[in-house]
Amino acid sequence: MITLLSGGTGTPKLLQGFMQLLPQEEIAVIVNTAEDIWLPHGYLSPDIDTVIYTLADIVNEETWYGIRGDSFVTHEQLLNLGFEEFMNIGDLDRATHIFRGELLKRGLSLEEATQKLCTALGVKAKVLPMSNQRLSTVVVTSRGEMNLHEYLIKHRSEPEIKQVRFEGEAEPCEACVSAIEEAEFVVIGPSNPVTSILPILSLEKLKKAVASRRESVVAVSPIVGGKPVSGPADKFLRAAGIEPTSRGVAKFYSSVAAHFVADASEEEFEVEGVEIYRTNTIMKTLEDKRELARFLIEIMR
Ligand code: GDP
């Protein structure tokens, strides 16, 4: 089994590559839940949704959010009625949130609710929320404190970020720790290091488990040519005091990953104690995704 640490865009693309090479039963994904939020209709867990939709092959690959071909009838009617729903939530996607919210209200854990969604959608890989408890990302900006959705959508990633912090007391799911311990190797995917991977690694027990497998951990850079492939990861890296380059990210991960893959277009660099590899990491086509996954399997086996 290989285990990935994932957010909701870069790593799911890589996951599509692994899905071409391995049966889903041999894949586990530990997913960031620090962007989760209760909404009037249910419980949104955006990264879990994207990972599940990716594995079910129904993800909207234009936005890496929601379900391909979804309709927005409810969203539009809410706006007509005067309800300000700033997230563009599709009808089918909304059903996922309603179902998950009801399961949580009935006392199921997020892990159990995730398993039920996987079963319903025919997903065979292990999708593991990083924790069953709440940990929430707070973005401290020049316009005040806000959650990540408000920052990315309402404020279009414009305000200067002063600090990012995670609020809540959370323990990792036991199954996440086992998925690290039992993995043939662990992949820290090309997700936003601050908003997607750091919340996972901020869970002490989980970080310890990953660090103890350091020689079997490879991280993939989300930064190409000094810029994120998409989204505002550079702003978040700077705010967290991390140089927004592949070298900065490799250094940041060096306590947990002995292997690091940078894009082939990057200049060579060194980080003490880390083996650096270079290959194409831009995943536009399914072939790009499969080749990157194949490269990771080759260097880690
Ligand atoms: P979020 O949860 O939606 O923020 O998504 P993630 O954290 O999983 O992914 C966002 C990161 O993915 C960004 O920092 C991008 O630079 C990175 N990313 C997106 N597409 C690619 C790609 O094709 N290659 C690489 N190397 N990184 C990518």
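The text that follows walks through the structure, step by step, so that each part is easy to find. (Residues numbered from 1 in each chain as written. Predicted model: local features only at pLDDT ≥ 70, side-chain atom pairs only at ≥ 80, totals over all residues. Heavy atoms only, no water.)

Scanning the chain for helices and strands turns up twelve helices and 14 strands. The C-alpha atoms of the chain give a radius of gyration of 18 Å, which matches the 19 Å a tight globule of 301 residues would have. Summarising its shape, the C-alpha atoms of the chain cover approximately 55 × 45 × 40 Å along the three principal directions. Put simply, the chain has 301 residues, and 55% of those count as buried. Considering only intrachain contacts with a sequence separation of at least 6, the fraction spanning at least 24 residues in the chain is 66%. About 13,200 Å² of surface is accessible on the chain, with carbon and sulfur atoms providing 48% of the total. Measuring between centres, the 31 positive side-chain charges of the chain sit 2 Å from its 44 negative side-chain charges. (Helix = DSSP H or I, 4+ residues; strand = E, 2+ residues; numbered from the N terminus. Rg over C-alpha atoms; globule rule 2.2 N^0.38 Å. Buried < 20%, exposed > 50% of the residue type's maximum accessible area, 1.4 Å probe, protein only. Contact = heavy atoms within 4.5 Å. Areas by Shrake-Rupley, 256 points an atom, 1.4 Å probe, with all protein chains shown as cover. Lys, Arg positive; Asp, Glu negative; His and termini not counted. Charge placed at Lys NZ, Arg CZ, Asp CG, Glu CD.)

Our next topic: the site of the ligand. Neighbouring residues of the ligand: 20 residues in total, closest S191, N192, S196, P222 and T281. In this structure, G8 approaches the ligand through a main-chain N or O atom, which is 2.8 Å from an oxygen atom. Within the side chain of S196, a nitrogen or oxygen atom sits 2.6 Å from an oxygen atom of the ligand. Here the ligand, which alone exposes 590 Å², has 91% of that area covered by the protein. Tallied by class, residues from the shell around the ligand come to seven nonpolar, ten polar and three charged. (Near = heavy atom within 4 Å. Polar contact = N/O pair within 3.5 Å; in protein donor to acceptor, adjacent residues only side chain to side chain. Nonpolar A, V, L, I, M, F, W, Y, C, P; charged D, E, K, R; others polar.)

The final tally for this structure, using the stated rule, is five aromatic pairs. Ring centres 5.6 Å apart and planes at 75 degrees place the aromatic pair Y151 and F236 in the edge-to-face group. You can see Y151 sitting in helix α6 (residues 148-154) and its partner F236 sitting in helix α10 (residues 233-239), a full 85 residues away along the chain. With centroids separated by 6.5 Å and ring planes inclined at 65 degrees, the aromatic side chains of F260 and F269 adopt a geometry described as edge-to-face. Classification of F260 by relative accessible area gives buried; the value is 1%. (Phe/Tyr/Trp six-rings, centres within 6.5 Å; stacked < 30°, edge-to-face > 60°.)

Before going further, it helps to examine the environment of E291. When you line up the elements, E291 lands in helix α12 (residues 286-300). Separated by 116 residues in sequence, E291 and A175 have C-alpha atoms that sit 29 Å apart.

Below, the discussion takes up the pattern of salt bridges. Following the criterion strictly, the structure yields 16 salt bridges and no others. D57 is paired through a salt bridge with R68; the nearest N and O atoms lie 3.1 Å apart. Residue D57 is located in the loop between α2 (46-55) and α3 (73-81), and its partner R68 is located in the loop between α2 and α3; the two are separated by eleven residues in the primary sequence. By relative accessible area, which is 46% here, D57 ends up partly exposed. Notably, a salt bridge pairs E158 with R156, separated by 3.3 Å at the nearest N-O pair. Take E158: its relative accessible area is 41%, and that puts it in the partly exposed class. Classification of R156 as exposed rests on a relative accessible area of 59%. Salt bridges sharing common partners tie together D57, E61, R68 and K289. (Salt bridge = Lys/Arg side-chain N within 4 Å of Asp/Glu carboxyl O.)

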